[in-house]
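Here is what each chain is made of, one letter per residue.
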Amino acid sequence: KRVQIQEIKNVEHQYQKNNYELCLFEKCEESKKTREQVEKYLFHGTDHSTLQFIIKNGFDRSYNKNGVYGKGTYFAKDASYSVNNGYCKRHSDGFHYLLLCKVIVGDSTTGNSNTTKVPLKPNQVEYDSLVDRANNPSIFVVWRDYRALPQYIIKYAA
């Protein structure tokens, strides 16, 4: 599906950013990994009113139903996943909206529809995210709401 980007707007909520950055710092320290190894820029598609809620209040996984890869908040490596699968509903202004977020994906494991709680690694520490496939994942699911931070709102026409 071809889209035409109308506007890209930077969004920043200082309290959410502070929480996210602290969580990221702790994850890097505990895992002895760099920011680049545990964080990704990923897309999140939703309707406009939920997008506004996320910008003001952060992500809330309680809004999400159990999905194909487990319970949590879903993010996609490619914007086309959110756009082409109908997650970005048309707003009353005629446009669609999409979030580009920073997400702490850390250590991942493959999820499935039966995954309803955070799986544990062999050392009994929780995984950070679930993915659609182990090699070159395109979908990431996070359990902890503060592990994702909206960065940009993308307004587009489809």
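Since the structure is predicted, the reported quantities are computational estimates derived from the model, not experimental observations.

Trainee: Please clarify how the packing of aromatic side chains should be interpreted in this entry.
Mentor: How two aromatic rings sit relative to each other is given by the distance of their centres and the angle of their planes. Here the structure, examined in full by the defined rule, presents three aromatic pairs. Ring geometry for Y81 against Y87: centres 5.9 Å apart, planes inclined by 20 degrees, an arrangement best described as stacked. For Y81, a relative accessible area of 32% puts it in the partly exposed group. Looking at K155, its charged tip hangs above the ring of F95, at a distance of 4.5 Å from the centre.

Trainee: When you look at the nonpolar core in this model, what are you seeing that I'm missing?
Mentor: Here is a general trend for soluble globular proteins: nonpolar side chains tend to be buried in one another's company. In this structure, F59, F75, L99, V103 and I153 are the most contacted members of the largest nonpolar core, which totals 17 residues. The set of elements that each furnish at least two residues to this core consists of α3 (48-57), β4 (96-104), β7 (139-142) and β8 (148-157). The element that contributes the greatest number of residues to this core is β4, accounting for four residues. Sequence-distant contacts of F75, that is, excluding residues within four places in its chain, are made with L42, F43, H44, F59, C101, V103, S138, I139, F140, V142 and A148.

Trainee: In this structure, what is going on with α3? I would like to understand it.
Mentor: Given 3.6 residues to a turn, an α-helix orients residues that are three or four positions apart in the same direction. Looking only at α3, the buried set comprises H48, L51, I54 and I55. Around the axis of α3, the buried residues are gathered within 115 degrees of arc, so they sit on the same side. Facing away from the buried side of α3 by over 90 degrees, the exposed positions are S49 and K56. At the exit of α3 stands G58, carrying a positive phi of roughly 90 degrees.

Trainee: Would you mind going over the environment of D132 with me for this structure?
Mentor: Along the polypeptide, D132 turns up in the loop between β6 (129-131) and β7. Taking the relative accessible area as the measure of exposure, D132 reaches 14% and is therefore buried. Separated by 87 residues in sequence, D132 and G45 place their C-alpha atoms 17 Å apart. In terms of polar contacts, D132 uses its side chain to reach the side chain of R133, at 3.2 Å. At a separation of 2.7 Å, a polar atom in the side chain of D132 contacts the side chain of S138.

Trainee: For this particular structure, what's the right way to read unusual backbone geometry?
Mentor: Where the residue is not glycine, phi is negative for most of them; where a peptide bond is considered, it is trans in most cases. A positive phi angle, near 60 degrees, is found at K32, a position not held by glycine. The residue K32 is located in the loop between α1 (14-31) and α2 (35-38) in this model. Here K32 falls in the exposed class, since its relative accessible area comes to 72%. Even without glycine at this site, N136 takes up a positive phi of about 50 degrees. Its place among the elements puts N136 in the loop between β6 and β7.

Cut-offs used in this document
- Each chain carries its own residue numbering, running from 1 in the written order of its sequence.
- In keeping with the model being predicted, local features are shown solely for residues with a pLDDT of at least 70 and side-chain atom pairs are shown and tallied solely at 80 or more, while totals for entire chains, interfaces and linings include all residues.
- The basis for every side-chain value is the complete set of heavy atoms in the structure, and neither hydrogens nor water enter the calculation.
- Pairing of aromatic rings covers Phe, Tyr and the six-membered ring of Trp, with a centre-to-centre limit of 6.5 Å; geometry is then stacked below 30 degrees between planes, edge-to-face above 60, and tilted otherwise.
- A 1.4 Å probe rolled over the protein chains alone gives each residue an accessible area, and that area as a share of the maximum for its type sets the label: buried under 20%, exposed over 50%, partly exposed in between.
- A ring has a charge above it when a Lys NZ or an Arg CZ is no more than 6 Å from the ring centre and no more than 35 degrees off the ring normal.
- The term nonpolar core refers to a set of buried residues drawn from Ala, Val, Leu, Ile, Met, Phe, Trp, Tyr and Cys, joined through side-chain atoms within 4.5 Å.
- Comment: elements are numbered from the N terminus, with helices defined as DSSP H or I runs of at least four residues and strands as E runs of at least two.
- Two residues qualify as a contact provided that any one of their heavy atoms is within 4.5 Å of a heavy atom in the partner residue.
- Note: the arc covers the axis-to-C-beta directions of the helix.
- Two N or O atoms count as a polar contact when they lie within 3.5 Å, although within protein this holds only if one can serve as hydrogen donor and the other as acceptor, and sequence-adjacent residues are included solely when both atoms are side-chain atoms.

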